[in-house]
Amino acid sequence: MRRWLVPLLALALSAWAQGTLKVGVVVSATGPAASLGIPERNTFLMLQELLDRQGGVAGRKVEFVILDDASDTTQAVRNTRRLVEEGVVAVVGTTTTPASLGMIPVVAEAKVPMISLAASKDIIHPVDAQRFWVFKTPQTEELMARAIVADMVARGVKTVGYIGFNDAYGEGWARFFEAEAKAKGLQVVASERYNRTDTSVTGQALRIIARRPDAVLIGASGTPAVFPQRTLKERGYPGLIYQTHGVANPDFLRVGGKDVEGTLLPAGPILVAEQLPSAFPSKRVALDYIQRYEARYGIGSYSTFGAHAWDAWLILKPALERALKKADPGRDLAAFRAALRDELEATKGLVATHGVFTFSKEDHLGLRFEDAAVMVQVEGGRWKLVRTFR
Amino acid sequence: MRYGWFLLLLLPFLLAPFPFYLTLLNFFALSGLVALSLYVLTGLAGMTSFAQAAFMGMGAYATALLTVKAGLSPWFGLAAGLALSLLLALVLGGLTVRLKGHFLPLSTIAWQVALYILAGNLVGLTGGHTGLTDLPPLVLLGFPLDNAFRYGLLSLLVLVLAVLALHNLRFSRLGRALLALRGDALAAASFGVDPAALRLKAFLLAGAMAGLAGFLYAHFLRFVNPTPFSLEASIKYLVMAVAGGVGTIPGVLLGAALFTGLEDWLKDLLPLLLGRQGNYETIAYGLVLAGILLLAPQGLFPLLARFLPRKEGSLPRAEPLPLPAPSGARGEVVLEAQGLRKAFGGLLAVNGVFFALRRGEILALIGPNGAGKSTTFNLLTGAIPPDGGRVFLFGKEITGLPPHRIHPLGLGRTFQHPHLFPELSVLENAALGTYARTRAGFSRVLLGLHGEEEARALATAYRALKRVGLEGLALEPAARLTAGQQRLLEIARLLASGAEVLLLDEPAAGLRAGEKRELARLLKALAREGYTVLIVDHDMDLIMGLADRVVVMNYGEKIAEGTPEEVQRNPLVRAAYLGEAA
Amino acid sequence: MDATILGFLLLDALQNGVIYGLLAVAMVLVFAVTRVILVPIGELMMFAPLSLVWLQGGKLPGTLGLALALGALWALLERGRGRGLPLLGGVGLLLLFLLARGSPALAYPAAIFLVVYLGVASYRVFFQPLREATVLAYLIMAVGLHVAYQGLGLVFFGPEQYRPEPLLSGEVLAGLSWQGVLVLLFALLAVGGLYLFFRLSLFGKALLAAAENRLGARLCGIRPEEAGMVAFAIASLLAALAGLLLAPLINAAYFMGFMLGLKGFVAAILGGLLSYPVAFLGALLVGLFESFTSFYASAYKEALVFLLLVPALFFQSLRARAVEE
């Protein structure tokens, strides 16, 4: 084993000699979260091509080392340790909440800044000794739940039902949505779970319908989110149906077809970038990303998840440029990582596809609700902007 | 020699410049520990478990809850984790080790899936699918084990100790008994092995080992959530063990090392080979596994072991166990059947059979095919319970007792088709006989405190081999023996067991004439020493020259009893048996 | 709970149970003949509708390449005239797919043929060379194939679900779609057909003999390899048909197969891995448990379904008690 380790190390060293900046990326390109992880990986592959053409950052080549964690905590941790060892300046990832939580002790121990692509607030809150090193780009469930509940209240909803994945995604949504709903005076009358591999959700749908909620929220991601909605419709549920931003990809519309017509969901502004008022801060950046992604992967292929990865780079790039002025990663990697972290935390008013990022010592999410969430409705098989919160 | 395993502890020092490999080393040690638990279960005891990851989860969650929620020391967590995984093993094993065939693996799948879902949904207790964060690092002798190097020393030390303990187990009465149980539960039970109890103990041991691995996992990652303890993870460990060779300790460790490394090597290799990033790791992983099985269905290590120098064992030199010499007056009744009855469905296989076996005699039980001889034999030895009638051994009633309870009272048996264990050596096969005369339990064996008793057990077996003339083959695998030698080995195993009443089921079947004479001489000599022999056979020449008395059965009933000459003259016998044979 | 809900739940239980039942019957058949627990049956089942969707979109699915590659290996393993079957089959498959790209009517038989060819080739390449291996070794091999096929499914078809158009749309009555009726009819037909095949046709009887007594069958001149291939062909055919009929109801995706297969396996075990009718009944029972637990305690559904198995297993094992020899 050691025989080929030495050349590997030599390779790594020679890379440093040329001043390459390595950025570690962990995504869930396989396993249950693949539908989210694949666009994230695609975004980094696209970025790599872009940076190779443009010549990197501040005259240094940038190399993304992308590893798949198969939606599994152990693999994510292994990947992270491996990236740290390979001398990355920062780690971006991973797609799911539990795996991101598992990565935190590793990056904190190695003192490497990390930008998670997962949803939960627990990843960056509270900013303690470990989370000192951790930032994230996606909106939290809490933030998106606020948008949903605000919309529900505006539509006169009094009672709601919830059905979500029986995994970390559905659990996170259940927790924050139900808390927010109760805080705003809504009554949560049913809270059901299902698996993305289920062949039937009739039982859950019947239970929800029997409680007669004014609205139902489906806490699921990707195309498996269609299933409960279709079953609810088939069983004659008359009320409003909300989805989460986890469904914001073209496949959801393709599989859903007529069944998802009228669905309401919160989303990052990028989902309906063209329809945003021109004063909306993210509009231009989002359109730029969509154009690039579609040019690379085909018309209609973009999803909001890839944009989280793009945002991570938008934040990372200026921070890298500033940190390079303070420390030399070739000479003192530890100092550079620390400087990079400080510069990440110093990010102010950075306009990205999903909102405007302003980090501080207490806030490693950095998004303002008004800029980061809009309400969208499915209309005629397309995403239609319903309202912004600005 | 086997302390060479401690060399593994040098690995962290060698790999110290490559922290990532230290991480892999830790994962290797943890998977190795789980794979070893499967060595106990599948390799030794022949059971398949799909729930090892659930046991890990018990260990991991116990320590996570105690340290994070209650703020206790991780060592309390360890104790609780072990207790919890033992408790789970007890419940699960108690319910399921008696299940046969596919029922055991399936019920472990059921438990595994159920526990995984509980861990994900008892949000208040376990943190749900999101998991529990911020576990404290382990502190050992004042050193916090907070990096992969220090942790690697601990996890490898645990692994090496586990290897040594299991090595002790394999070469002990318990190891032999487990292997025998896997091959043939009835043969094991006839030498005093309680199948259900021993399986349960193996299950407990395997559960505790997996729980220990879970504890180490939790404090290494300092984070727990349900996914590492899923059915997929359990399958992964089983894959490791089977691909490496589940029947050997180096095999399961090889599997653990290979598959731990494979995932990362594939991540390096595949983009180079295919020239692009993709989701190809799992595909390659599956195909590598298929390839290994095609090349080596027994696992990789047995394939490699053919190229390794074969380790020569040594012959035992210790003092044999004290042999309770057959005592008591010749001619007294030692075994007595009173009105034995057994029906299978509507068919009466044995109907009201009476006879008595007297010390020092050779009694033959004969009859045409389907006369009920073998059933009678099985009723006497407890292999099947009778529907009616009673059996007495040395005046004590043994009716309905299971074989493993009857054997220690002084009764031993052989089988119609020799029940030997081909992968064990001839000596070890014979040493299985000493099971009921030795005492070392799991704790003594695992700690290696059984050495003296083990040496004496082997010496006893060796003496028995000498007695039947097989000492020259003692270190050969039993698979190499001829049919005649296999019969002799079965008798040697009986002699090593110290049983005084020997029940032999067709011992001459498949023997050549010379071998038969040899066998007859041996049996007569044994009878002279005070052993008592009951023999079932078809071979009239052998029986007539050997037996002191003969009991003849037909259609489940005894039709005659007497000296060979008497029964030969009996018209009923001639009609039923000799006539038929003629 | 009122009568309407009860009715819906029972219909739901029936539909799910029938799916598990078909898989269970296929697994029992394969196990009895070959001792293989066919874990990748779920993947085979999903390959059919996914390939269909690709064909209907005018694209050649990656599964075609996989089937042809395995077919080539199969041909390599055979000697002389034995090569005819894989070669002819492979060429036929390729032609069928090229034709079916343009005509939707051919897409269905093409997808079915693909899965059957793939199933038989998998047996010939991966299981038959193992011959007298232990059930455990077969099982691990099956797991390896499941992992590889699932990974390939992701590469070929992406992470999302697909929903082919149903053959029949609309509902017969509330809670039962025409497509659902089709599934039920197919299940009846399949189980009945298998029954007749095994009772009446000589080959079916021979296969059953091979299943019940492998050594005896060999002595009677039935080649176990042949029996194994037929068993895999029937099992893949059942899986392909079930997959095609179900996909409009449950959506098809690369990850959907494993859990379906696992529950089919559970049902098969309830049938002792030997009896077809009991396996089918077991499957209906699993469907029933599932329907009701998803109504009453959806978060714990799988836990309850699998835990309820334990007493069932225990009871079965007690009943099956005999001399341990």
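Residues numbered from 1 in each chain as written. Chains lettered and ligands numbered in written order. Predicted model: local features only at pLDDT ≥ 70, side-chain atom pairs only at ≥ 80, totals over all residues.

Undergrad: Just to check I follow, could you spell out the overall build of chain A for this structure?
TA: Per the secondary structure count, chain A includes 13 helices and 14 strands. Here chain A has a C-alpha radius of gyration of 21 Å; the compact-globule value for 390 residues is 21 Å, and the two agree. With the C-alpha coordinates of chain A rotated into their principal frame, the extents come out at 65 × 50 × 40 Å. Classification of the 390 residues of chain A by burial places 62% in the buried group. Sequence separation of at least 24 residues holds for 66% of the intrachain contacts in chain A that already meet a minimum separation of 6. (Helix = DSSP H or I, 4+ residues; strand = E, 2+ residues; numbered from the N terminus. Rg over C-alpha atoms; globule rule 2.2 N^0.38 Å. Buried ≥ 20, exposed ≤ 12 C-beta atoms within 10 Å, placed from the backbone. Contact = placed C-beta atoms within 7 Å.)

Undergrad: What's the story with the environment of Glu428 of chain B in this structure? I'm lost.
TA: All names here are of chain B. Considering the arrangement of structural elements, one finds Glu428 in helix α17 (residues 426-431). Looking at Glu428, the number of C-beta atoms within 10 Å reads 23, which means it is buried. Separated by 44 residues in the primary sequence, Glu428 and Ile384 have C-alpha atoms spaced 27 Å apart.

Undergrad: Please clarify how the sheet that holds strand β7 (residues 396-397) of chain B should be interpreted in this entry.
TA: Residues and elements named next belong to chain B. Strand order in the open sheet made by the 4 strands is β4-β3-β6-β7, with antiparallel pairing throughout. Across the chains shown, the open sheet's two edge strands, defined by having one partner strand only, are β4 (347-358) and β7. The pairing of strand β3 (residues 333-344) with β4 spans 9 bridges and is classified as antiparallel. Of the residues in β4, the one forming a bridge with Leu335 is Leu357. This element, helix α15 (residues 373-381), spans β3, β4 and β6 (388-393) of the sheet and lies at about 120° to β3. (Pairing = 2+ DSSP bridges. Axes fitted to C-alpha atoms, helices over the stretch in contact; angles between N-to-C directions.)

Undergrad: I'm lost on the domain arrangement of chain B in this one. Help?
TA: Interface size, as often reported, equals the accessible area lost upon joining of the parts. Residue and element names in this part refer to chain B. Annotation of chain B at the domain level lists domain 1 (2-305) and domain 2 (333-581). The gap between the C-alpha centroids of domain 1 and domain 2 is 42 Å. Contacts between the two partners involve 23 residues from domain 1, matched on the other side by 29 residues from domain 2. Within the residue set of the side of domain 1 that touches domain 2, elements represented by two or more residues are α7 (148-170), α8 (173-183), α9 (185-189) and α10 (195-221). The element contributing the most residues to the side of domain 1 that touches domain 2 is α8, with 7 residues. Looking at the side of domain 1 that touches domain 2 residue by residue, the classes come out as 13 nonpolar, 5 polar and 5 charged. (Domains from an automatic or database assignment. Nonpolar A, V, L, I, M, F, W, Y, C, P; charged D, E, K, R; others polar.)

Undergrad: Would you mind showing me how to read the domain arrangement of chain A here?
TA: Residues and elements named next belong to chain A. Taken as a whole, chain A is organised into domain 1 (2-139 + 287-367) and domain 2 (141-267). One C-alpha centre belongs to domain 1, the other to domain 2, and the line joining them spans 31 Å. Taken together, the 15 residues of domain 1 in the interface contact 15 residues of domain 2. Split into classes, the residues belonging to the side of domain 1 that touches domain 2 amount to 5 nonpolar, 9 polar and 1 charged.

Undergrad: It is not clear to me how unusual backbone geometry should be interpreted in this structure. Could you clarify?
TA: Glycine aside, negative phi is the norm for most residues, and most peptide bonds take the trans geometry. Residues and elements named next belong to chain A. For the bond running from Gly93 to Thr94, omega is 0°, close enough to zero to count as cis. Tracing the backbone through its elements, the reader meets Thr94 in the loop between β3 (90-93) and α4 (97-110). Note that the residue after His125, namely Pro126, is joined by a cis bond; omega there is -5°. Its place among the elements puts Pro126 in the loop between β4 (114-116) and β5 (134-136). In this structure, Arg212 is a non-glycine residue whose phi angle is positive, near 50°.

Undergrad: For this particular structure, what's the right way to read the UniProt feature "transmembrane region" (unreviewed entry) in chain B?
TA: Residue and element names in this part refer to chain B. Following the UniProt record, the feature "transmembrane region" (unreviewed entry) maps to residues 25-46, 78-97, 109-128, 148-167, 203-225, 237-262 and 282-305 here. A distance of 29 Å separates the end C-alpha atoms of residues 25-46, which is 91% helix and 0% strand. Note that residues 282-305 is 83% helix and 0% strand, and that its end C-alpha atoms are spaced 28 Å apart. (UniProt positions renumbered as here; feature names shortened; annotations may be inferred.)

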